[in-house]
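Below are the chains, spelled out letter by letter.
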Amino acid sequence: MGCIRRKQVEQRTEPVPSTVPGETEEEQDPEPPHSVQNLQALHAAPNKPSEHRRVLWPATHKGTECIGAERFSIKQPKAKNTARPNQHETKISQLRKELKALKQQYRKASEEERPALTELWNILRQKLISLLCAEWHRRRGRERAHERTAFIANPFGFTKQLLGQKWNGTLFNTREPTLAEVRDTVRAAQTSAAPGLSGVPYKAYKHCLRLLERLWRLIRVVWRRGRAAKQWRHAEGVWIPKEKDANDITQFRTISLLNVEGKIFFKILANWLTEYLLRNSCIDTTVQKGGVPGMPGCLEHTGVVTQLIREAREN
């Protein structure tokens with residue numbers, strides 16, 4: 001039945017051959033053009049009511065909902081979780097308000113009321129200081145606990161973050177000490193300095209150049225081995241009186257005497273270290289004056305500290 005209802009009329013486009021002999025074939029005229037009314041009549045919609053069916057979509061996945069919300073929805077600002085003050089912080093805030101109120105009351109009070117207000121202010125001040133110390137220790141303990149947990153979880157990463165990036169340079173010179181450095185160190189030393197356990201003073205190396213060269217060769221061997229000699233690391237304690245005609249042990253002080261050879265070797269290393277720190281701006285010369293070669297200002301700093309101590313005692 002469906003095929004019969006939807007029968008289509010086929011139009012011939014080719015000429016039909018004539019069956020009668022002697023007759024010519026005539027071309028059929030094209031169909032007249034259709035008008036707008038005819039087209040509208042042909043495509044007129046039926047009078048049947050349209051059928052609307054409800055489509056049942058499949059359930060969406062949570063991942064699809066999240067992607068859709070990120071791309072097409074408006075992001076709502078997240079509410080900030082404001083930390084509530086603990087018991088110490090609440091008391092600290094309250095004490096500060098009371099101190100501020102007492103200060104204003106002190107300005108308006110008479111001379112008879114001011115001593116009592118001052119004593120009350122001192123009591124509240126001591127309570128505030130104790131609470132601040134307790135709060136600081138509490139926060140410091142929590143920070144240490146977090147740092148301890150982070151170190152246990154990832155020791156390498158925590159140490160790298162604490163010490164910074166890997167240093168590419170070298171701390172000291174990798175070359176061996178030269179004879180000129182040994183000679184300059186011996187010349188800068190005091191001739192009257194007491195010797196150590198070996199009993200050899202600086203004077204021997206200052207006046208005997210061949211002995212100084214022998215010491216230089218010994219220092220080169222120690223540098224190649226990477227370990228100082230055992231005798232250079234031992235010191236001898238000597239008692240020196242602090243007062244004239246000292247008889248009691250409390251009137252003496254001790255000094256440690258090292259071997260001259262070890263003092264020369266370690267002095268060279270100290271010069272290298274000082275040069276490295278100054279070259280890399282590791283020492284703030286505006287603050288540190290002592291121990292820095294060629295840097296005046298120790299007397300000025302001593303005078304300033306003495307003046308501050310005197311003013312603190314007077315006040």
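Residues numbered from 1 in each chain as written. Predicted model: local features only at pLDDT ≥ 70, side-chain atom pairs only at ≥ 80, totals over all residues. Heavy atoms only, no water.

Caption draft 1: Spotlight on the overall build of the chain. A tally of helices and strands in the chain yields eleven helices and two strands. Its helices and strands in sequence order give the chain the pattern α-α-α-α-α-α-α-α-α-β-β-α-α, from N to C terminus. Looking at the chain as a whole, 13% of its 315 residues qualify as buried. Of the contacts made within the chain by residues no fewer than 6 positions apart, 54% connect residues no fewer than 24 positions apart. Accessible area of the chain: about 28,300 Å², with a carbon and sulfur share of 55%. (Helix = DSSP H or I, 4+ residues; strand = E, 2+ residues; numbered from the N terminus. Buried < 20%, exposed > 50% of the residue type's maximum accessible area, 1.4 Å probe, protein only. Contact = heavy atoms within 4.5 Å. Areas by Shrake-Rupley, 256 points an atom, 1.4 Å probe, with all protein chains shown as cover.)

Caption draft 2: Local environment of the confidence of the model for the chain. Averaged over every residue, the pLDDT of the chain is 77; the share at 70 or more is 70%. Element-level pLDDT for the chain is lowest in helix 2 (residues 36-42), with a mean of 46, against a maximum mean of 93 in helix 7 (residues 179-188). Here residues 1-27 scores under 50 on pLDDT; set against residues more than four positions off or in separate chains, the count is five contacts. Residue range residues 36-45 is modelled with pLDDT below 50. Its contacts to residues more than four positions away, or to other chains, number one contact. (pLDDT = per-residue confidence, 0-100.)

Caption draft 3: Broad picture of the environment of leucine 128. Structurally, the position occupied by leucine 128 is in helix 5 (residues 114-153). Overall, leucine 128 belongs to the buried group, its relative accessible area being 4%. The spacing of leucine 128 and lysine 91 is 37 residues in sequence and 8.3 Å in space, taken between C-alpha atoms. Ignoring anything within four residues of it in the chain, the contact list for leucine 128 reads Ile92, Leu95, Arg96 and Leu99.

Caption draft 4: Region of the structure containing the packing of helix 7 against helix 10 (residues 260-279). Helix 10 packs onto helix 7 with a crossing angle of 105° between their chain directions and a minimal axis gap of 10 Å. One element, helix 7, and the other, helix 10, form an angle in the roughly perpendicular class. Between helix 7 and helix 10, the residues in contact are Glu181, Val182, Thr185 and Val186 and Ile264, Lys267, Ile268, Asn271 and Trp272, respectively. Among the residues forming the contact of helix 7 with helix 10, the class breakdown is five nonpolar, two polar and two charged. (Axes fitted to C-alpha atoms, helices over the stretch in contact; angles between N-to-C directions. Parallel < 35°, antiparallel > 145°, perpendicular 65-115°, else oblique. Nonpolar A, V, L, I, M, F, W, Y, C, P; charged D, E, K, R; others polar.)

Caption draft 5: The arrangement of the nonpolar core in detail. Judged by nonpolar contacts, the single largest core of 17 residues is most densely connected at Val182, Tyr205, Ile219, Ile264 and Phe265. Listing elements by their share of this core, those giving two or more residues are helix 7, helix 8 (202-207), helix 9 (209-225) and helix 10. Those residues within four positions of valine 182 in sequence are excluded, and the remaining contacts are Leu212, Trp216, Ile219, Ile264 and Ile268. With nine residues, the next largest nonpolar core counts Leu95, Leu117, Leu124 and Leu128 among its residues. (Core = buried A, V, L, I, M, F, W, Y, C linked by side-chain atoms within 4.5 Å.)

Caption draft 6: Up close: unusual backbone geometry. The backbone of aspartate 245 shows a phi angle near 60°, a positive value even though the residue is not glycine. Considering the arrangement of structural elements, one finds aspartate 245 in the loop between strand 1 (236-241) and strand 2 (252-257).

Caption draft 7: Structural context of the packing of aromatic side chains. Within the structure shown, the criterion is met by four aromatic pairs. An aromatic cluster is built from Trp232, Phe265 and Phe266, whose rings are joined through pairwise contacts. Taking NZ or CZ as reference, arginine 114 lies 4.8 Å from the ring centre of tyrosine 106, over its face. Above the face of the tryptophan 216 ring, arginine 220 is positioned so that its terminal group lies 4.7 Å from the ring centre. (Phe/Tyr/Trp six-rings, centres within 6.5 Å; stacked < 30°, edge-to-face > 60°. Lys NZ or Arg CZ within 6 Å of the ring centre and 35° of its normal.)

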